[in-house]
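One-letter residues, chain by chain:
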Amino acid sequence: MLFRKFSLLIYALLILIPLVVVLLTSVKTLQETFRDPLGLPDGGFKFDNYIAIFQEQTMAGYFLNSTIVTLFSVSLTLLLAAMVAFGITRMNNWIGNGLFGVFTLGMMVPAQVIMVPLYSLMLDLGLTNSLLGLILVNISSTLPIAVFILTGFMKTLPRELFEASTIDGAGNWKMFTKVAIPLSLPSLSATAIFLFVMHWNDLLYPLLFITDNAYKTLPLALLEFQGQYSTNYPMLFTGVIIASAPMVIAYVFLQRYFVAGITAGAVKG
Amino acid sequence: MKISKSIYWFFLPGLVLYSLFFLYPTFSALFYSFTDWDGLSEAFQFVGIDNYTRAFTGDSIFQKTIGNNLKFMLTVVVFQTLVALAFALIVIKNTKTNVFLRALYFFPTILSSVSVAFIWAFIYDPSMGILNQVLQLVGLDFLAQNWLGNANIAIYSLAITQIWFHAGQMLIIFVAGLQAIPEELYEVAKIEGASKWQAFRSVTWPLLAPSATIVVAYTTIQSFKAFDLVFAMTGGGPNNSTEIIATYIYDVAFKSYQFGYASSISVIFMVIIALITYLQFKALRSDRVSY
């Protein structure tokens with residue numbers, strides 16, 4: 001029993017210590033970090049790193065870019081995936097199943113596999129260095145898993161509900177907005193959180209398609225920071241905290257949904 | 001029941017985007033894998049299976065990346081699964097403390113890989129890193145070293161980071177699987193005088209098999225595809241000791257502009273991943289569990 005509690009404590013510390021160190025380091029100077037990486041800062045916390053990052057202007061821009069890209073990618077992926085899932089569920093024949101197969105095929109292909117041709121396609125279409133470009137590739141990259149999760153859910157909805165609304169004279173669109181969507185809210189919100197985490201944290205696509213500072217998102221900006229400040233950990237960690245803040249705050253309040261969302265993505269992925 | 005033709009419109013926007021940004025590049029990768037395209041010029045030549053022959057016989061770095069991928073994957077799969085299972089068994093009951101601990105263990109999953117990379121670069125830092133500091137504190141100085149700079153252990157240092165990052169996610173899947181096992185079975189086992197270990201072996205283990213399959217399959221794919229951590233922490237070094245297939249494709253394509261060759265490696269990578277995913281699907285279908 002004691003051993004169990006001890007193990008739980010050790011694991012908790014393994015998660016907590018790095019996070020506390022990140023917080024502490026961000027309010028220390030580089031010299032203090034060198035002298036005593038684990039210690040408290042001398043003479044109180046210093047918020048100079050935060051001020052420096054925001055004075056360097058671009059942080060607000062990166063933040064805005066990440067917000068725009070994430071919001072549009074998540075909402076559009078959800079909408080399109082829900083439509084496809086609805087279509088597959090309604091048709092329930094070989095065409096529907098075939099389309100399901102085509103869409104979910106995408107889950108088998110990691111982004112790194114298509115990055116080379118995708119890069120030249122984006123160049124040809126003039127979609128590099130654009131938020132629109134990022135949003136479009138984001139949608140197509142997470143559409144497969146979103147379709148997979150949502151189809152799985154919609155297939156469990158009682159067919160009678162759809163049939164009843166047909167009798168009431170509802171067309172497909174009405175059935176989608178008035179029956180399928182409201183009933184699918186639990187799985188839609190789980191998928192939304194999964195997508196939110198994926199897109200907010202994504203590095204690969206911005207790395208490939210964005211070189212202009214004006215269009216960089218937070219993870220890419222952080223990576224550039226690393227080049228700029230190499231081992232200036234106080235500065236790097238300040239960036240980490242700013243970039244992670246929205247996700248962490250959301251997690252604290254919506255924990256249950258986060259866990260449901262990300263594990264749904266994992267199990268069905 | 002007849003379904004009106006308007007249903008086809010529901011597929012259109014998704015299908016257009018998906019075909020353009022996913023299907024088309026996938027088939028292009030296949031196409032370019034038989035060429036010597038440099039990614040910049042218009043012209044290229046067909047070289048047949050030369051790229052593939054080169055990957056398997058003439059490219060020692062590529063062969064090394066496969067080995068590195070396997071080392072990374074096996075370490076992560078074995079230890080992450082064990083950690084997740086062991087701790088899931090301890091925090092299975094829904095007490096307040098356990099719910100809090102599960103939330104805490106899950107926490108790293110929501111961080112970006114770049115953030116995790118920085119945190120662990122600091123932990124491993126040879127001069128001011130926490131790991132060496134802690135080792136000194138407890139009198140294990142002789143173990144202190146350059147964790148990411150030593151070609152023999154760098155890949156394992158990365159594997160530990162990956163486990164820290166995702167073990168909590170797998171733990172939750174195990175908890176869900178364990179909680180689905182009916183309590184009565186344990187009571188029966190108890191009445192029949194089974195020891196704790198016997199109960200685990202004859203009740204928990206067989207009924208946990210579906211979740212274990214999911215965890216192992218998912219971890220396998222996730223660790224095989226890992227890119228960000230390696231890219232941000234070591235960039236494949238030192239001396240290619242942490243170069244994995246995904247980072248190698250990036251290097252070949254965007255540092256040495258061999259798009260044709262990079263495409264061939266992509267195709268090989270795709271085949272490996274597809275095989276693993278197929279096995280996962282099969283396992284999922286046969287078990288029919290859902291959460």
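This structure is a prediction, so every number in the text was calculated from the model and none was measured.

A. Local environment of the overall build of chain A. Helix and strand content of chain A: 13 helices and zero strands. Along its sequence from the N terminus, chain A presents helices and strands in the succession α-α-α-α-α-α-α-α-α-α-α-α-α. With respect to the principal axes defined by its C-alpha atoms, chain A has extents near 75 × 60 × 30 Å. Within the span of chain A, comprising 269 residues, buried residues form 57% of the whole. Sequence-distant contacts in chain A: of pairs separated by 6 or more residues, those separated by 24 or more amount to 73%. Looking at chain A as shown, the accessible area adds up to about 11400 Å², and 70% of this sits on carbon and sulfur atoms. For chain A, the distance from the average site of its 13 positive side-chain charges to the average site of its 12 negative ones is 14 Å.

B. The arrangement of the interface of chain B and chain A in detail. Every contact between the two is made by 85 residues of chain B and, on the other side, 88 residues of chain A. With both chains or domains summed, chain B and chain A bury close to 8100 Å², and 81% of this area falls on carbon and sulfur atoms. Counting every contact that joins chain B to chain A gives 14 residue pairs in polar contact (both at pLDDT 80 or more). Here the element with the most residues in the side of chain B that touches chain A is helix α1 (residues 12-32) of chain B; it accounts for 14 residues. Class assignment of the residues belonging to the side of chain B that touches chain A gives a composition of 65 nonpolar, 17 polar and three charged.

C. Structural context of helix α3 (residues 60-90) of chain B. The end-to-end C-alpha distance of α3 of chain B, which contains 31 residues, comes to 45 Å, matching closely the 45 Å that a straight helix rising 1.5 Å per residue would cover. For α3 of chain B, the N-terminal cap is D59 of chain B; the gap from its side-chain oxygen to the backbone nitrogen of I61 of chain B is 3.1 Å.

D. Quick look at the environment of M270 of chain B. One can find M270 of chain B in helix α12 (residues 259-287). Under the relative-accessibility criterion, M270 of chain B is labelled buried at 13%. As a C-alpha pair, M270 of chain B and T26 of chain B span 244 residues in sequence and 9.5 Å in three-dimensional space. With sequence-adjacent residues up to four places away left out, M270 of chain B is seen in contact with V109 and V113 of chain A together with T26 of chain B.

E. Layout of the packing of aromatic side chains. According to the stated counting rule, one finds 44 aromatic pairs over all chains in the structure shown. When the ring of F31 of chain B is compared with that of F46 of chain B, the centres are 5.5 Å apart and the planes differ by 85°; the resulting orientation is edge-to-face. Highlighted residues: F31 of chain B in helix α1 and F46 of chain B in the loop between α1 and α2 (50-58), separated in sequence by 15 residues. When its relative accessible area of 38% is taken as the criterion, F31 of chain B is described as partly exposed. Residue classification places F46 of chain B among the exposed residues on the basis of a relative accessible area of 55%. Through successive ring pairs, a cluster of aromatic residues spans Y119 of chain A together with F31, Y32, W37, F44, F46, F227, F231, Y250, F254 and F259 of chain B. Here K155 of chain A stacks its cationic end above the ring of F100 of chain A, 5.9 Å away from the centre of that ring. Positioned above the aromatic ring of Y257 of chain A, the side-chain terminus of R256 of chain A is 5.0 Å from the ring centre.

F. Quick look at empty space enclosed by the protein. Applying the stated criterion across every chain, the model contains three cavities of 30 Å³ or more. By volume, the largest cavity amounts to about 1200 Å³. Looking at the largest cavity, it is lined by 45 residues, and the ones nearest its centre are M198 and D202 of chain A together with Y218, Q222 and K225 of chain B. For the lining of the largest cavity, the leading source of residues is helix α7 (residues 131-154) of chain A, giving seven residues. Its residues assigned to classes, the lining of the largest cavity shows 25 nonpolar, 17 polar and three charged. Forming the boundary of the second largest cavity are S66, V69, T70, L134, N138, H199, W200, D202, Y205, P206, T217 and P219 of chain A. For the lining of the second largest cavity, the elements supplying multiple residues, two or more each, are α4 (58-91), α7, α10 (185-201) and α11 (204-209) of chain A.

G. Representation of the pattern of salt bridges within the structure. All names here are of chain A. For the structure on display, the rule yields four salt bridges over all chains. For E32, the salt bridge identified is with K46, shortest N-O distance 2.9 Å. Linking E32 in helix α2 (residues 30-35) with K46 in the loop between α2 and α3 (48-55), this pair joins segments that are 14 residues apart in sequence. What makes E32 buried here is its relative accessible area of 8%. In this structure, K216 engages E224 in a salt bridge whose closest nitrogen and oxygen atoms are separated by 3.0 Å. The class of K216 is buried, set by a relative accessible area of 5%.

H. View of the packing of helix α6 (residues 111-125) of chain A against α1 of chain B. Direction vectors running N to C along α6 of chain A and α1 of chain B enclose 115°, while the axes themselves pass 8 Å from each other. Relative to α1 of chain B, the crossing made by α6 of chain A is right-handed. The residues of α1 of chain B that touch α6 of chain A, namely those facing V113, I114, P117, L118, L121, M122 and L125 of chain A, are L20, F21, F22, Y24, P25, T26, S28 and A29 of chain B. A per-class count over the contact of α6 of chain A with α1 of chain B returns 13 nonpolar, two polar and no charged.

I. Representation of unusual backbone geometry. Residue and element names in this part refer to chain B. Going from G237 to P238, the amide bond is cis rather than trans, its omega being -10°. In this fold, P238 is placed in the loop between α10 (228-233) and α11 (245-254). The phi dihedral of N239 falls on the positive side, at around 55°, and the residue is not glycine. Structurally, the position occupied by N239 is in the loop between α10 and α11. Even without being a glycine, Y257 presents a positive backbone phi close to 50°. Considering the arrangement of structural elements, one finds Y257 in the loop between α11 and α12.

Reading the values: rules and limits
- Residues numbered from 1 in each chain as written.
- Chains lettered and ligands numbered in written order.
- Predicted model: local features only at pLDDT ≥ 70, side-chain atom pairs only at ≥ 80, totals over all residues.
- Heavy atoms only, no water.
- Helix = DSSP H or I, 4+ residues; strand = E, 2+ residues; numbered from the N terminus.
- Buried < 20%, exposed > 50% of the residue type's maximum accessible area, 1.4 Å probe, protein only.
- Contact = heavy atoms within 4.5 Å.
- Areas by Shrake-Rupley, 256 points an atom, 1.4 Å probe, with all protein chains shown as cover.
- Lys, Arg positive; Asp, Glu negative; His and termini not counted.
- Charge placed at Lys NZ, Arg CZ, Asp CG, Glu CD.
- Buried area = accessible area lost by both parts, 1.4 Å probe.
- Polar contact = N/O pair within 3.5 Å; in protein donor to acceptor, adjacent residues only side chain to side chain.
- Nonpolar A, V, L, I, M, F, W, Y, C, P; charged D, E, K, R; others polar.
- Expected span 1.5 Å × (residues − 1).
- Phe/Tyr/Trp six-rings, centres within 6.5 Å; stacked < 30°, edge-to-face > 60°.
- Lys NZ or Arg CZ within 6 Å of the ring centre and 35° of its normal.
- 1 Å grid on protein atoms, 1.4 Å probe; cavity = no way out; pocket = protein on both sides within 12 Å on 5 of 7 lines; lining within 4 Å.
- Points joined across faces, edges and corners; volume = space filled by probe spheres on them.
- Salt bridge = Lys/Arg side-chain N within 4 Å of Asp/Glu carboxyl O.
- Axes fitted to C-alpha atoms, helices over the stretch in contact; angles between N-to-C directions.
- Left-handed = near helix turned anticlockwise from the far one by under 90°.

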